Amino acid sequence: MKVDPRERLIVALDVPSVAEAEALVARLGETVSFYKIGYALAFAGGIDFACALAGAGKRVFLDLKLHDIGHTVACGVESVARLGASFLTVHAYPQTMHAAVDARAGSQLRLLGVTVLTSYNDADLAAAGYDFTVPELAAERAAQARDIGLDGLICAGEEAAALRSVVGAGMLLVTPGIRPAGADHLVVGRPITAAADPKAAADAIVAEILAATAE
């Protein structure tokens, strides 16, 4: 998928309050147009803030990793679509993905599958009862996400090339980090949010993305 180079940067609003998020968004100004809201901010008033951001013309990625019975997932996806969010994460279990895809029909919401949490290793999977390595399970769930109709995947940077070979060019890959190679979108937190000058830090990353795109 073709992605506007300036929209490839997603800034993670990993702050504990809406007031801090508002201040950060104000400092970043027009440099950043896409923001991620995870659990910490979502449960501290961040859902209403997401709606306000979308209303102000920003794009919003709600990283909520939905996973529940199908009906509950569908209701959640319908609510997120009404908020005007651009991206939503769901765990890449087939029933969850089917419910999410059906529920977002007719909206602009894009669904991103979480194949395996990036903190998990093979021992974690074994302890949870899986007879797969992390790369094997990630590839299996990526293929299922592709076939069910998700729009993209969340993955670690080192997984991007392998998963791209599974899903092809038609799905988005979203990775944490500041290097653009292999991913459609980069989610960046502390290198921007903890910088002495967040706008300058964001400008530098956008410039790197633009340079890589031009190569």
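Attention here is on the structure that accompanies the text. (Residues numbered from 1 in each chain as written. Predicted model: local features only at pLDDT ≥ 70, side-chain atom pairs only at ≥ 80, totals over all residues. Heavy atoms only, no water.)

As enumerated under the stated definition, the model contains 3 aromatic pairs in all. Note on Tyr39 and Phe43: the rings are 5.6 Å apart at their centroids and 15° apart in plane angle, and the pair reads as stacked. One end of the pair is Tyr39 and the other is Phe43, both in helix α2 (residues 39-55) and 4 residues apart, which spans about a single turn. Using a relative accessible area of 70% as the deciding quantity, one classes Phe43 as exposed. A centroid spacing of 5.9 Å and a plane angle of 70° characterise the contact between Phe61 and Phe87, whose relative ring orientation is edge-to-face. (Phe/Tyr/Trp six-rings, centres within 6.5 Å; stacked < 30°, edge-to-face > 60°. Helix = DSSP H or I, 4+ residues; strand = E, 2+ residues; numbered from the N terminus. Buried < 20%, exposed > 50% of the residue type's maximum accessible area, 1.4 Å probe, protein only.)

Here is the key point about a regular strand: its side chains alternate between the two faces of the sheet. Of all 8 residues that make up strand β3 (residues 59-66), 6 are buried, and the element is covered over most of its length. Strand direction decides the pairing type here: strand β2 (residues 34-37) and β3, joined by 4 bridges, are parallel. Bridge pairing in β3 places Ile37 opposite Leu62. Handedness of the crossover joining β2 and β3 through α2 is recorded here as right-handed. The parallel pair β3 and strand β4 (residues 87-91), bridged by helix α3 (residues 70-83), forms a crossover whose chirality is right-handed. (Pairing = 2+ DSSP bridges. Right-handed = clockwise from strand over helix to strand, strands pointing away.)

Look at helix α4 (residues 94-103) against helix α6 (residues 134-148): their axes get within 10 Å of each other, and the N-to-C directions meet at 25°. In terms of their interaxial angle, α4 and α6 are classed as roughly parallel. Here α4 and α6 pass one another in a crossing that is right-handed. Listed contacts from α6 to Pro94, Met97, His98 and Val101 of α4 are Arg141, Gln144, Ala145 and Ile148. (Axes fitted to C-alpha atoms, helices over the stretch in contact; angles between N-to-C directions. Parallel < 35°, antiparallel > 145°, perpendicular 65-115°, else oblique. Left-handed = near helix turned anticlockwise from the far one by under 90°. Contact = heavy atoms within 4.5 Å.)

A cluster of like negative charges, contributed by Asp122, Asp124, Asp131 and Glu136, occupies part of the molecular surface. Along the chain, Glu136 turns up in helix α6. In this structure Glu136 comes out as partly exposed when scored by relative accessible area, which is 45%. (Patch = residues over 30% accessible without salt bridge, like charges linked within 9 Å, V, L, I, M, F, W, Y side chains within 5 Å. Areas by Shrake-Rupley, 256 points an atom, 1.4 Å probe, with all protein chains shown as cover. Salt bridge = Lys/Arg side-chain N within 4 Å of Asp/Glu carboxyl O. Lys, Arg positive; Asp, Glu negative; His and termini not counted. Charge placed at Lys NZ, Arg CZ, Asp CG, Glu CD.)

Another aspect to go through is the sheet that holds β2. Taken in spatial order, the 8 strands close into a barrel running β1-β2-β3-β4-β5-β6-β7-β8, and their pairing is parallel. Across the sheet, the mean angle from the axis of one strand to that of its neighbour is 25°, orientation sign disregarded. Helix-sheet contacts for α2 involve β2 and β3, and the interaxial angle to β3 is about 145°.

Inspection of the entire model under this criterion finds 8 salt bridges. For Lys36, the salt bridge identified is with Asp14, shortest N-O distance 3.8 Å. Here Lys36 is found in strand β2, whereas its partner Asp14 is found in the loop between β1 (9-12) and α1 (18-28), with 22 residues between them in sequence. What makes Lys36 buried here is its relative accessible area of 9%. Judged by its relative accessible area of 55%, Asp14 is exposed. For the salt bridge of Asp184 with Arg164, the shortest nitrogen-to-oxygen distance reads 2.8 Å.

Looking at the secondary structure, you find Arg141 in helix α6. Of the side chains with opposite charge, Glu140 comes closest to the buried, unpaired Arg141, at an N-O distance of 8.2 Å. Not counting residues within four places of it along the chain, the set of residues in contact with Arg141 comprises Ala92, Tyr93, Met97, Thr115 and Tyr130.

The next thing to look at is the packing of α1 against α2. Where α1 contacts α2, the two axes come as close as 9 Å, and the packing angle between them is 40°. Between α1 and α2, the angle is such that the two are oblique. Between α1 and α2, the residues in contact are Val18, Ala21, Glu22 and Val25 and Leu41, Ala44, Gly45, Gly46, Phe49 and Leu53, respectively. For the contact of α1 with α2, a count of residues per class yields 7 nonpolar, 2 polar and 1 charged. (Nonpolar A, V, L, I, M, F, W, Y, C, P; charged D, E, K, R; others polar.)

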